[in-house]
Every structure is written in C-alpha cells, then in structure tokens.
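Coordinate inspection notes
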Amino acid sequence: MTHPPSGTVICSWADLQATGTVLYRADGFEGFVILDDYLPRGYVDACPHNGMPLGGDQEEVDYQTREQDVIICRWHGASFLKDTGECIGGPCAGDRLEPWPVERRGDEVVAL
Ligand code: FES
C-alpha cells in the first residue's frame, strides 16, 4: 500500500477539530487522521489483529473512545495509544498501527 504523495491535502483543520477522526481513501490507500490534543496523527487504517479498517461495520466514523483518550478498533476492541499507535489492550496487545506522517499547515492537514 503506497502512501499518498507528500503535500497531499487530507482534510481541513476545521473538519478534524469537528469530528476528531477523518478517513482518507485514495488509490488503494486507506488511512485515518485523529486529533491528539492539538496535533493531527495519521495511521494506516489496518488493525494489526487481522488487517481490517478499524471502523468495523459501523456507519458512524469514530475511531476514539468516548473519552477520546485512545484509538479503538470496532471489530474486537483493541485499543491504541494516540501518539505512538501502540496497542495497549485487546487481541494484538504489544503490536502497533503503521504510522502515516501528517502535519497541520495553516487551515489544512497534509501528508508528509
Ligand atoms: S480487527 Fe481490530 S481488534 Fe480484531
């Protein structure tokens, strides 16, 4: 899976602030960006447990717990630290999400 080219606009900063999670799908790449306090964090959208996108079969896209303290996989409940992607609970504990480097540039979130 090839990451989008550096400089690709993923979403607006306002959208990420409003939703907390933004999915990005293009050219076979599946990723997501979450808001970690005031930083965007990007990861490839594939759970280390079985490679599925973390959203499960839910229509509503929310990749964080209600407290917004960790990322959660909707399939079997694996939980991941937002800043490192390390799995801290569930069937793939000790494994980690693949990082997808992103940053905020003004009013946008872009791929690095
Ligand atoms: S697919 Fe994520 S916990 Fe099983």
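Before any of the text, the structure's been laid out above.
I will try to describe carefully the structure that is included in this document. Because the structure is predicted, anything quoted here is derived from the model rather than measured.

Rules behind the numbers
For every chain, the first residue of its written sequence is number 1, and the numbers climb from 1 along that sequence. Given that this is a predicted model, residues contribute local features only at a pLDDT of at least 70 and side-chain atom pairs are listed and counted only at 80 or more, while totals for whole chains, interfaces and linings are drawn from all residues. Excluding hydrogens and water, the side-chain values take into account all heavy atoms of the structure. Should a side-chain nitrogen of Lys or Arg be within 4 Å of a carboxyl oxygen of Asp or Glu, the pair is scored as a salt bridge. For the purposes of this entry, the term helix denotes a DSSP run of H or I that reaches at least four residues, the term strand denotes a run of E that reaches at least two, and both are numbered from the N terminus. Only protein chains enter the accessibility calculation, which uses a 1.4 Å probe. A residue is then buried if its area is under 20% of the maximum for its type, exposed if over 50%, and partly exposed in between. The criterion for an aromatic pair is that two Phe, Tyr or Trp rings (for Trp, the six-membered ring) have centres within 6.5 Å, with stacked assigned to planes under 30 degrees apart, edge-to-face to planes over 60 apart and tilted to the rest. Strand pairing is assigned whenever DSSP identifies at least 2 bridges connecting the two strands. Here a polar contact is taken to be a pair of N or O atoms separated by no more than 3.5 Å, where protein atoms must pair a possible hydrogen donor with a possible acceptor and residues adjacent in sequence count only if both atoms sit in side chains. The contact criterion used is simple: two residues touch if any of their non-hydrogen atoms lie within 4.5 Å.

Quick word on the pattern of salt bridges
Charged atoms that come close allow side chains of opposite charge to pair. All told, the structure shown has 4 salt bridges when counted by the stated rule. For the salt bridge of Arg25 with Asp45, the shortest nitrogen-to-oxygen distance reads 2.7 Å. Linking Arg25 in strand E2 (residues 21–26) with Asp45 in the loop between strand E4 (39–44) and strand E5 (70–72), this pair joins segments that are 20 residues apart in sequence. Arg25 gets classed as partly exposed once you look at its relative accessible area, which sits at 37%. Of the charged contacts, one joins Asp36 and Arg41 as a salt bridge, the two residues approaching to 2.8 Å between their closest N and O atoms. Overall, the relative accessible area of 14% leaves Asp36 in the buried class. Within this structure, Arg25, Glu30 and Asp45 form a network of salt bridges that share partners.

As for the packing of aromatic side chains
A full pass over the atoms with the stated rule returns 5 aromatic pairs. Ring centres of Tyr24 and Trp100 lie 5.7 Å apart, and the angle between their planes is 40°; on these two criteria the pair is classed as tilted. With Tyr24 in strand E2 and Trp100 in the loop between strand E7 (87–89) and strand E8 (102–105), this pair connects stretches of sequence that are 76 residues apart. Members of the aromatic cluster, each reached through a chain of ring pairs, are Tyr24, Phe29 and Trp100.

As for the pairing of E2
Where E2 lies against strand E3 (residues 29–36), 6 bridges are found, and the strand directions are antiparallel. Bridging across to E3, Tyr24 finds its partner in Gly31. Hairpin remark: E2 followed by E3, antiparallel, with 2 residues in the connecting loop; positive phi at Asp27, about 50°.

Thoughts on the side chain of Lys82
Along the chain, the position of Lys82 falls in the loop between strand E6 (79–81) and E7. A polar contact of 2.8 Å, which involves the side chain of Lys82, links it to the side chain of Gln64. In contact with Lys82, not counting residues within four places along its chain, are Ile34, Leu35, Asp36, Arg41, Tyr43, Gln64, Gln68, Asp69, Val70 and Ile71.

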